[in-house]
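Chains, contacts and geometry: an overview
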Protein chains: 2
Amino acid sequence: MYKVKVYITLRESVLDPQGKAVKQSLNSMNFPEVEDVRIGKYMELMIAPTDKSVEETVKEMCHRLLANPVIEDYTYEIEESVTK
Amino acid sequence: MYKVKVYITLRESVLDPQGKAVKQSLNSMNFPEVEDVRIGKYMELMIAPTDKSVEETVKEMCHRLLANPVIEDYTYEIEESVTK
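Residues numbered from 1 in each chain as written. Chains lettered and ligands numbered in written order. Predicted model: local features only at pLDDT ≥ 70, side-chain atom pairs only at ≥ 80, totals over all residues. Heavy atoms only, no water.

Per an unreviewed UniProt entry, chain A goes by Phosphoribosylformylglycinamidine synthase subunit PurS and derives from Rossellomorea pakistanensis. Taken directly from UniProt, the Sequence similarities (unreviewed entry) text for chain A runs: "Belongs to the PurS family." According to the UniProt record, the Catalytic activity (unreviewed entry) comment for chain A reads "N(2)-formyl-N(1)-(5-phospho-beta-D-ribosyl)glycinamide + L-glutamine + ATP + H2O = 2-formamido-N(1)-(5-O-phospho-beta-D-ribosyl)acetamidine + L-glutamate + ADP + phosphate + H(+)". (UniProt positions renumbered as here; feature names shortened; annotations may be inferred.)

Here it is, written out as structure tokens:
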């Protein structure tokens, strides 16, 4: 069994209104030192081993469903996990 | 300037209907090997140095705004970043 951590972030050039709202909330809650916030998604997938490489599978899943390649970037980490 | 990465996940005991929907979509898109999906949030914060420790600041922000401590856990990584 593999544990895969996927991080999906908006591309640098894409505006992040949600992050901006969070930044403003933090500023008004007495955290003026917060200068920028960008919000993305984090996913943990448990994947059973198959004939295909996990890496290929993860890339294909990110590309086809998990991320929107037009406005988002993704990175991932694959860990082998012994127990389910 | 510090770059802080915050990962917010639902607690183990909390149901994740969004993750379940993604799992089912992946299964029906010819990825039967996906056995579980949990979805969380990922945030990148740029924080200017102050007299307070960054770690304290981040914990307080997570507790008061970024995460819901009743149903969510958070972890974070702090990196020092030279350029803005």
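**Quick notes on the packing of aromatic side chains**
As enumerated under the stated definition, the model contains 6 aromatic pairs over all chains in all. Seen from their ring centres, A:Tyr74 and A:Tyr76 are 6.5 Å apart, and the 25° between their planes marks the pair as stacked. Three or more aromatic residues joined by ring pairs form one cluster here, namely A:Tyr7, A:Tyr42, B:Tyr7 and B:Tyr42. (Phe/Tyr/Trp six-rings, centres within 6.5 Å; stacked < 30°, edge-to-face > 60°.)

**Details of the relation of the copies chain B and chain A**
With an RMSD of 0.0 Å, the operation that places chain B on chain A is a rotation of 180° combined with a shift of 0.0 Å along the axis. Taken together, the rotation angle and the small translation identify this as a two-fold axis. Across chain B, the smallest distance between a C-alpha and the rotation axis is recorded for B:Lys41, namely 2.3 Å. Interface residue correspondence from chain B to chain A reaches 100%, placing this contact among same-surface, isologous pairings. (Least-squares fit on C-alpha atoms with pLDDT ≥ 70 in both. Contact = heavy atoms within 4.5 Å.)

**With respect to the environment of B:Val22**
Mapped onto the fold, B:Val22 is located in helix H1 (residues 17-28). Overall, B:Val22 belongs to the buried group, its relative accessible area being 15%. Through-space distance from the C-alpha of B:Val22 to that of B:Val58 is 30 Å; in sequence the pair is 36 residues apart. Filtering out sequence-adjacent residues up to four positions away, B:Val22 remains in contact with A:Leu65, A:Leu66, B:Val37 and B:Ile39. (Helix = DSSP H or I, 4+ residues; strand = E, 2+ residues; numbered from the N terminus. Buried < 20%, exposed > 50% of the residue type's maximum accessible area, 1.4 Å probe, protein only.)

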